[in-house]
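# Observations on the three-dimensional arrangement
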Amino acid sequence: MVQYLFPPEPVKAVPVIGEAALYPVRRIFCVGRNYVDHAREMGLEVDREAPFYFTKSPYSAELTGGVFPYPPGTTNFHYEMELVVAMGADVFRATRDQAAAAVYGYGCGLDMTRRDLQLAERSKQRPWDTGKDVEHSAILAPLTKAADFGAIADQAITLDQNGTRKQQARLSDMVWKVDEIIAHLSGLYHLGRGDLIFTGTPAGVGPVVAGDVICGQIQGLAPVTLTIA
Ligand code: MN
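A brief structural summary. (Residues numbered from 1 in each chain as written. Predicted model: local features only at pLDDT ≥ 70, side-chain atom pairs only at ≥ 80, totals over all residues. Heavy atoms only, no water.)

## Comments concerning the sheet that holds strand β17 (residues 213-218)
Reading across from one edge, β6-β18-β17-β13-β14 is the order of the 5 strands in this open sheet, with mixed pairing throughout. Every other strand in the sheet has two partners, leaving β6 (66-68) and β14 (164-170) as the edge strands with one partner each. Ignoring strand direction, the axes of neighbouring strands in this sheet form an average angle of 15°. Two elements, β6 and strand β18 (residues 224-228), share 3 bridges in a ladder whose sense is parallel. Bridging across to β18, Val67 finds its partner in Thr227. (Pairing = 2+ DSSP bridges. Helix = DSSP H or I, 4+ residues; strand = E, 2+ residues; numbered from the N terminus. Axes fitted to C-alpha atoms, helices over the stretch in contact; angles between N-to-C directions.)

See the structure below:
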């Protein structure tokens, strides 16, 4: 029997609509600049050669409906509303068809970002970790199984801040499609069950302040909400 010096942190897990069992999170990958208008508002263009990624620690994952503090080290903490893909099978060097078949389900997610730190890191050609891998920064709604969601098409993706619409786009606006992302990422990692992929945010990102209520929605999925303490 394995003994630990102290109790290990419990595995982060996400509810699945229609399932009693939870989906345990193994890794969190995130796609950068996957909507043309958001890349532009960040002063950059989408990289058409290949998608690029950053990661968040699974420890950063939290469930929808939570109240979390404004994080330390920033004065420009931003929301980013995203479609989250949950992997359901092992894939390595997958074709687009194999990639599509390996999706377990989809959910709404918020990629909360210390924008000031991310931009400083970007300008100094340093890693984005302190900007992106922030405690309580990967907010997850319950997952919907892929078969129940159906095909990714022109479903609306929106974000409201205190009831005011700030982000509005369609999933069809994504530059790199979900199967392309998985196919590409599976050339870099052995993807599998428990891996989540945040697929990028549309234009309209912005700062939050204490007391804000953020609500992100994608047509056909459970919404994600976050309150800043
Ligand atoms: Mn993002």
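## A look at the sheet that holds strand β16 (residues 206-207)
With respect to topology, 3 strands assemble into an open sheet ordered β10-β7-β16, the strand pairing being antiparallel. For this open sheet the edge positions go to β10 (113-114) and β16, each flanked by a neighbour on one side alone. Bridge count between strand β7 (residues 77-79) and β10: 2 bridges; the pairing is antiparallel. Pairing of His78 across the sheet is with Thr113, part of β10.

## Observations concerning the nonpolar core
Core analysis: the biggest nonpolar cluster contains 64 residues, and Tyr106, Leu110, Met112, Ile182, Ile197 and Ile218 have the highest contact counts within it. In terms of residue count, the dominant contributor to this core is strand β8 (residues 81-87) (6 residues). Beyond its immediate stretch of four places on either side in the chain, Tyr106 contacts Leu83, Val84, Val85, Pro142, Leu143, Thr144, Ala146, Phe149, Gly150, Ile152, Val178 and Leu221. (Core = buried A, V, L, I, M, F, W, Y, C linked by side-chain atoms within 4.5 Å. Buried < 20%, exposed > 50% of the residue type's maximum accessible area, 1.4 Å probe, protein only. Contact = heavy atoms within 4.5 Å.)

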